[in-house]
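# Per-entry structural report
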Amino acid sequence: MPFFEGPSPANAVPITFVTLQSWPEIKAALPIAAAHFAAASKFEPTPGRSLILPDAEGRFAGVLFGLEGQAARFRDPFLPGKLAGVLPAGIYRFANAPHDTALALLGWALTAYRFDRYKKRKDAQPQLVPPGDIDVARINTLARAVTLGRDLINTPANDMDPDALEAAAVTLAAQFGAEAAITLGDDLLKENFPLIHAVGRAAAKPPRLVDFSWGAEDAPKVTLVGKGVCFDTGGLDIKPSSGMYLMKKDMGGAATALALAYMIMARGLPLRLRVLLPIVENAISATAMHPSDVYPSRKGLSVEVGNTDCEGRMILADALALADEDAPELLFDFATLTGAARVALGPDLPPFYTEDEALAAAIAQHAAAANDPVWRLPLWQPYDKLIDGKTADITNNAASGLAGSITAALFLKRFVEKAKAWTHFDIYAWTPSAKPGRPEGAEVQAARLIFDLLENRYGTRAS
Ligand code: BES
Ligand code: MN
Ligand code: ZN
């Protein structure tokens with residue numbers, strides 16, 4: 001789907017950005033009919049406010065859009081994207097520059113996203129002609145990647161089951177000449193992924209691990225792991241209906257890893273990418289794992305099931321152990337792992353965990369630059385004893401219910417040893433109420449910031 005391509009700007013409607021500071025001058029330069037109309041509409045250039053301006057005949061001549069002032073402590077670079085949701089269908093252009101043109105364009109594309117797969121009527125949407133001095137191809141790639149991830153997450157579990165999620169990963173890999181290896185069902189036991197098997201074996205569609213690599217074999221190794229729970233009922237420790245309703249999004253980590261993989265491959269970053277997706281449904285049937293069950297893990301640690309609803313850390317443990325075996329330079333995992341992360345930071349600010357100080361600083365910096373916010377929480381070692389098992393080496397449900405996102409991260413940490421640097425993102429993958437660039441529903445969190453970081457670290461294109 002092209003986001004910014006197509007019609008020539010000759011008849012495009014100009015959008016003029018205004019701040020409190022610039023408004024007097026812009027107002028003074030408006031044609032008289034537009035000036036009268038703006039005054040009669042009591043237009044003030046408050047952030048996010050828009051006004052359609054008429055020409056002398058009352059035709060659609062332009063748009064005013066209020067932005068934050070220069071001094072504003074918090075600015076949302078996606079704010080201009082709001083226009084994609086409020087303007088009538090038509091062709092538009094920027095008459096002057098917003099605070100950050102590239103992020104404004106991206107914000108527009110991300111606001112224009114619709115999940116209309118199941119709708120008969122598709123909305124006609126406003127089109128924006130991008131300014132000439134912008135790398136539109138890069139923005140289109142980011143927008144396509146986020147669209148891919150959001151579509152996977154928004155698709156309900158009856159159409160996004162383990163087969164469908166696997167197919168999406170296989171298709172993406174093939175698109176870039178990579179071949180995915182699948183370890184399916186009981187083969188997981190043979191190949192030593194006992195935890196992925198234990199979590200997924202109760203479902204109609206068998207559990208599996210998708211593994212693909214792309215790029216030059218001697219390039220720096222970057223591995224992405226994503227939690228792919230196509231639906232999380234909680235298992236025998238069943239969730240209440242309020243907690244279960246959104247659990248189609250519990251494969252948001254896998255979707256995020258795929259979105260990031262798309263960015264990396266489409267932009268040809270000079271690195272050796274590996275993507276590992278443990279894919280399951282946490283279902284209830286006669287073969288479901290029980291609370292108090294003990295399973296071996298790929299790494300050799302025995303794991304006791306304190307709660308069958310702590311399934312994400314189990315499947316990630318085996319996938320991370322595999323990822324760790326070839327000591328990647330950078331290892332990232334993305335997972336809708338805990339409700340506790342939401343309690344701590346809310347839906348829009350995923351916590352991340354790493355022990356690499358320089359990497360943590362770089363992540364914070366690229367999060368700000370990419371308008372993809374995250375917040376560091378500690379791998380607080382004194383809490384590590386909370387996940388010691390009673391009958392096994394480790395329990396999937398920490399003794400106290402407190403610091404749930406931290407104890408989940410500490411659980412994962414026990415399975416990572418050799419990776420040069422490991423970072424875990426406890427994402428929400430969902431926007432409960434729409435904001436500019438972030439429509440209500442599925443969200444891809446932390447992928448754009450990591451793409452920015454990788455682009456910055458390794459350069460843009462394989463030569
Ligand atoms: N997928 C959930 C975590 C989750 C819930 C993420 C809601 C985002 C929104 C995970 O598998 C889970 O169920 N975690 C439990 C752990 C608890 C039983 C210790 C949780 O967070 O409630
Ligand atoms: Mn769960
Ligand atoms: Zn889950």
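Just so you know, these numbers come straight off a predicted model, no measurement behind them.

A word on the pattern of salt bridges. Any two side chains of opposite charge can pair if their charged atoms end up close together. On inspection of all chains with the given rule, the structure shows 28 salt bridges. With a closest N to O distance of 3.6 Å, K205 and D163 form a salt bridge. With K205 in the loop between α8 (194-200) and β7 (208-214) and D163 in helix α6 (residues 162-175), this residue pair connects regions lying 42 residues apart in the sequence. Residue classification places K205 among the partly exposed residues on the basis of a relative accessible area of 29%. Among the salt bridges present, the one from E311 reaches K227, with a minimum N-O distance of 3.0 Å.

Our focus in this paragraph is the coordination of the zinc ion (ligand 3). Surrounding the zinc ion (ligand 3) are the protein donor atoms K227 (NZ), D232 (OD), D250 (OD) and E311 (OE), at 1.9 to 2.4 Å. With 6 donor atoms in place around the zinc ion (ligand 3) and angles of 78 to 176° between them, the coordination shape is octahedral. In the primary sequence, the donor residues of the zinc ion (ligand 3) line up as K-x4-D-x17-D-x60-E. Separating the zinc ion (ligand 3) from the manganese ion (ligand 2) is a gap of 3.1 Å, which D232 spans by donating to each of them. One end of the pair, D250, is in the loop between α9 (241-244) and α10 (252-266); the other, E311, is in helix α11 (residues 311-325), with 61 residues separating them in the sequence. Of the two residues, D250 and E311, neither departs from the other in class, the shared state being buried.

Moving on to the sheet that holds strand β3 (residues 60-66). Pairing in this open sheet of 5 strands is mixed, and the strands run β2-β3-β1-β4-β5 from one edge to the other. What marks the edges here is a single partner per strand, and that holds for β2 (50-54) and β5 (127-129). Neighbour to neighbour, the strand axes of the sheet diverge by 30° on average, direction disregarded. Across 4 bridges, strand β1 (residues 13-18) lies against β3 in parallel orientation. Within the sheet, the bridge partner assigned to T16 lies in β3 and is L64. Relative to strand β4 (residues 91-94), helix α4 (residues 101-111) is tilted by about 160°, and along the sheet it contacts β1, β4 and β5.

Surveying the vicinity of ligand 1 reveals 16 residues, the closest of which are K239, D250, D309, E311 and G339. At a separation of 3.2 Å, an oxygen atom of ligand 1 approaches a polar side-chain atom of K227. Taking T336, its main chain carries an N or O atom lying 3.3 Å from a nitrogen atom of ligand 1. Its free accessible area being 510 Å², ligand 1 has 77% of it covered by the protein chains. Here the shell around ligand 1 is composed, by residue class, of 4 nonpolar, 5 polar and 7 charged.

Take the domain arrangement of the protein next. Partitioning the protein into domains gives domain 1 (13-134) and domain 2 (139-458). Contact residues are listed per partner, giving 18 residues for domain 1 and 19 residues for domain 2. Surface buried jointly by domain 1 and domain 2 totals about 1600 Å² across both partners, of which 66% is contributed by carbon and sulfur atoms. In terms of surface lost to domain 2, no three residues of domain 1 exceed F78, L110 and Y113, which account for 40% of the buried area on that side. For the pair domain 1 and domain 2, the interface holds 1 salt bridge. For D159, the salt bridge goes to R117, with nearest N and O atoms at 3.5 Å. Class assignment for the residues of the side of domain 1 that touches domain 2 results in 13 nonpolar, 2 polar and 3 charged.

Before going further, it helps to examine a nonpolar patch on the surface. Side chains of V170, I182 and L184 sit close together on the surface and give an oily, nonpolar patch of about 190 Å² of accessible area. Its place among the elements puts I182 in strand β6 (residues 181-184). Exposure remark for I182: the relative accessible area of 31% places this residue in the partly exposed category.

It is worth spelling out the environment of W214 at this point. Along the chain, W214 turns up in strand β7. With residues near it in sequence (within four places) discarded, W214 still touches F176, A178, I264, M265, G268, L269, L271, R272 and L273.

Okay, the coordination of the manganese ion (ligand 2) next. Binding of the manganese ion (ligand 2) to the protein goes through D232 (OD), D309 (O), D309 (OD) and E311 (OE), at separations of 2.0 to 2.2 Å. Of note is the manganese ion (ligand 2), whose 6 donor atoms meet at the metal with angles of 70 to 170° in an arrangement that counts as irregular. Mapped onto the sequence, the residues coordinating the manganese ion (ligand 2) show the spacing D-x76-D-x1-E. The exposure class assigned to E311 is buried, which follows from its relative accessible area of 0%.

Moving on: the sheet that holds strand β11 (residues 294-296). The 3 strands are arranged β11-β12-β16 in an open sheet whose pairing can be described as mixed. Edge positions in the sheet fall to β11 and β16 (394-395), since each of these pairs with one other strand and no more.

Packing of helix α13 (residues 357-369) against helix α15 (residues 447-458) brings their axes to within 8 Å, and their N-to-C directions diverge by 115°. By the angle between their axes, α13 is roughly perpendicular relative to α15. Our pair here, α13 against α15, has a crossing hand that is right-handed. Residue-level contacts link L359, A362, I363, H366, A367 and A369 of α13 to L449, I450, D452, L453, N456 and R457 of α15. By residue class, the composition of the contact of α13 with α15 is 8 nonpolar, 2 polar and 2 charged.

Scoring rules and cut-offs
Throughout this document, residue positions are counted from 1 along each chain, in the order its sequence is written. Each chain gets a letter, beginning with A, and each ligand a number, beginning with 1, in the order they are written. Two thresholds apply to this predicted model, a pLDDT of at least 70 for residue-level local features and 80 or more for giving and counting side-chain atom pairs, whereas whole-chain, interface and lining totals are computed over all residues. Excluded from the side-chain calculations are hydrogens and water; all other atoms, namely the structure's heavy atoms, are used. One speaks of a salt bridge when a side-chain nitrogen belonging to Lys or Arg is within 4 Å of a carboxyl oxygen belonging to Asp or Glu. Secondary structure is summarised from DSSP: a helix means a run of H or I of at least four residues, a strand means a run of E of at least two, and numbering begins at the N terminus for each. Under the scheme applied here, a residue whose accessible area is under 20% of the maximum for its type counts as buried, over 50% as exposed, and between as partly exposed, the area being computed with a 1.4 Å probe on protein chains only. Coordination partners: N, O, S within 2.8 Å of the metal, 3.2 Å for Na, K and Ca; water not considered, so apparent gaps in a site are possible. The geometry test gives tetrahedral to four donors whose angles all lie between 85 and 135 degrees, gives square planar to four donors and octahedral to six donors whose opposite members are over 155 degrees apart with all other angles between 65 and 115, and gives irregular to the rest. What makes two strands pair is DSSP finding at least two bridges between them. Only the stretch in contact is used when a helix axis is fitted, and all axes are lines through C-alpha atoms; the angle between N-to-C directions ranges over 0 to 180 degrees. In what follows, a contact means two residues having at least one pair of non-hydrogen atoms within 4.5 Å. Only heavy atoms are used to decide nearness, and a residue is near a molecule or strand if one of them lies within 4 Å of it. Between N or O atoms, a polar contact is any pair within 3.5 Å; within protein, one atom must be a potential hydrogen donor and the other a potential acceptor, and residues adjacent in sequence are included only when both atoms are from side chains. Methods summary: accessible areas were calculated by the Shrake-Rupley approach with a probe of 1.4 Å, and residue burial reflects only the protein chains presented. Residues are grouped as follows: nonpolar covers Ala, Val, Leu, Ile, Met, Phe, Trp, Tyr, Cys and Pro; charged covers Asp, Glu, Lys and Arg; every other residue, Gly included, is treated as polar. All the domain ranges listed were derived from an automatic or database domain assignment. A simple way to read buried area is as the amount of 1.4 Å-probe accessible surface that goes missing from two parts once joined, with both sides added. Put simply, a patch holds well-exposed residues, over 30% relative accessible area, that have no salt bridge, with like charges counted together within 9 Å and Val, Leu, Ile, Met, Phe, Trp or Tyr side chains within 5 Å. In these notes the angle categories are as follows: under 35 degrees is roughly parallel, over 145 is roughly antiparallel, 65 to 115 is roughly perpendicular, and the rest is oblique. Here is the rule for handedness: rotate from the far helix to the near one, and if that takes an anticlockwise turn smaller than a right angle the crossing is left-handed, while a clockwise turn gives right-handed.

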